[in-house]
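# Coordinates in review
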Amino acid sequence: MLKYVLKRVALMLLSLFVIMTMLFILIRLLPNPVESVAGGYDKALRDMREAWGYNKPLLVQYGIFLKRVFTKGDWGFCTSMGTFLQPVTAYIGSKLPATIYINVLSVIISVPLGIIFGIIAAVNKNRWPDQLIQVFIMVFISVPAFIYAFLLQYFIGYRLGLCPLVFGDGTDWFSWKMLHSAVMPVLALSFGPIAGNMRLIRAELTEQLTSEYMLLARTKGLTRRQATVRHALRNSLVPLMPSFLGEFIGILGGSMIIEQIFAVPGIGRSYVQSIAVKDYSVFMAISMFYVAIGLAAGIVSDLSYGFIDPRIRMGAGKTGSL
């Protein structure tokens, strides 16, 4: 198990290094749009560019970049976003709370609702509740999240005036005003995961309900509800826990499109803006942030199988898994 974990972590670090190298080379080959600025900051800009080796060969620049990243955690400075020459890490840190806020709320909504409606569909298989839920699953999975976002904006925000059309200013995260402004982006982020969780729960629980051990449990005197709760439901959740853990790890990732539509001041919106204004340092840092979150979510999801289901670890010596 330990050998497998170390191998996966090493592969993740290697992937991060390769992707970071490719991004750095491609970005530095682009023309730099910031050569001078208004307000008498030209000397400060020249000094900062000199410290980062912008006037040196590409490999030397990359060496300086790696040294500053791994020794100081310094990913560069802002040129078009945030405060001029603001450290990129400070800028991203100021944008993370909004992203985490709406994504935590969406996970809190999507996981319980997905499980509840998935259970209802499974225990009522081929009946009208199951058929109705199947229609919702098909619609929510098929339609992109930005379509929901536009519909929510038009009907709930504009026509009914129930929620603000844009996100709050982020001054008080626990106020009713902030929660009220987050309703529409949270709903837009929740529809897809709710449908996905419903589909997974329905499929797994339906398989468990038709298993032989359920018949044995019924013959021992358990009612259908008791057998479902004590055995089928617990067993069906085991293979789904890694996907739930992946959702929680992915909270930091955010949604670029949803944040842009609802003007959420998060890293997803900043990522899109960094491309538009050609702030390459911000783009590089957020790109690697997304890559790290994706790789970490994959590793946690895979490793969680061994901790959640002991049978996987017991068979490690024979099958080679975990």
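Computed from a prediction, not measured in an experiment: that's the story for all the values here.

What follows concerns helix α10 (residues 224-237). For α10, spanning 14 residues, the distance from its first C-alpha to its last is 18 Å, which sits close to the expected 20 Å at 1.5 Å a residue. Along its length, α10 shows its largest kink, about 30°, at Arg230. Among the residues of α10, those classed as buried are Ala227, Thr228, Ala232, Leu233 and Ser236. Looking at the packing, one finds that the buried side of α10 touches α4 (88-123), α8 (183-209) and α9 (212-219).

To continue, consider the packing of aromatic side chains. By the definition in use, this model includes 15 aromatic pairs. Three or more aromatic residues joined by ring pairs form one cluster here, namely Phe17, Phe24, Tyr62, Phe65 and Trp75.

So, on to the pattern of salt bridges. Evaluated as defined, the whole model comprises two salt bridges. Residue Asp74 pairs with Arg68 through a salt bridge whose shortest N-O separation is 3.1 Å. A salt bridge links Arg202 to Asp130, with the shortest nitrogen-to-oxygen separation between them at 2.7 Å. With Arg202 in helix α8 and Asp130 in helix α5 (residues 128-142), the pair connects residues that are 72 residues apart, well separated along the chain.

Before going further, it helps to spend a moment on the packing of α4 against α5. Running from N to C, α4 and α5 point in directions that differ by 135°, and their axes come no closer than 7 Å. Regarding the angle of α4 to α5, the classification is oblique. With respect to the hand of their crossing, α4 and α5 are arranged in left-handed fashion. Packed against α4, whose contacting residues are Phe117, Ile120 and Ala121, the element α5 presents Pro129, Asp130 and Ile133 at the interface. Residues that form the contact of α4 with α5 fall into these classes: five nonpolar, no polar and one charged.

Okay, the nonpolar core next. Among the nonpolar cores identified, the biggest contains 36 residues, and Met20, Phe65, Trp75 and Met284 are the most heavily contacted of them. Sorting the residues of this core by element identifies α1 (2-28), α3 (58-72), α4, α13 (267-277) and α14 (280-308) as the ones contributing at least two each. The dominant element in this core, judged by the number of residues it contributes, is α14, at twelve residues. Not counting the four nearest positions on each side in its chain, Trp75 is found in contact with Met20, Trp52, Phe65, Val69, Val88, Thr89, Ser281, Ala285 and Met288. Counting residues in hydrophobic clusters, the runner-up holds 17 residues, among them Ile102, Ala149, Met184 and Phe262.

Calculation notes
- Residues numbered from 1 in each chain as written.
- Predicted model: local features only at pLDDT ≥ 70, side-chain atom pairs only at ≥ 80, totals over all residues.
- Heavy atoms only, no water.
- Helix = DSSP H or I, 4+ residues; strand = E, 2+ residues; numbered from the N terminus.
- Expected span 1.5 Å × (residues − 1).
- Bend = angle between axes of the 7 residues up to and from the residue.
- Buried < 20%, exposed > 50% of the residue type's maximum accessible area, 1.4 Å probe, protein only.
- Contact = heavy atoms within 4.5 Å.
- Phe/Tyr/Trp six-rings, centres within 6.5 Å; stacked < 30°, edge-to-face > 60°.
- Salt bridge = Lys/Arg side-chain N within 4 Å of Asp/Glu carboxyl O.
- Axes fitted to C-alpha atoms, helices over the stretch in contact; angles between N-to-C directions.
- Parallel < 35°, antiparallel > 145°, perpendicular 65-115°, else oblique.
- Left-handed = near helix turned anticlockwise from the far one by under 90°.
- Nonpolar A, V, L, I, M, F, W, Y, C, P; charged D, E, K, R; others polar.
- Core = buried A, V, L, I, M, F, W, Y, C linked by side-chain atoms within 4.5 Å.

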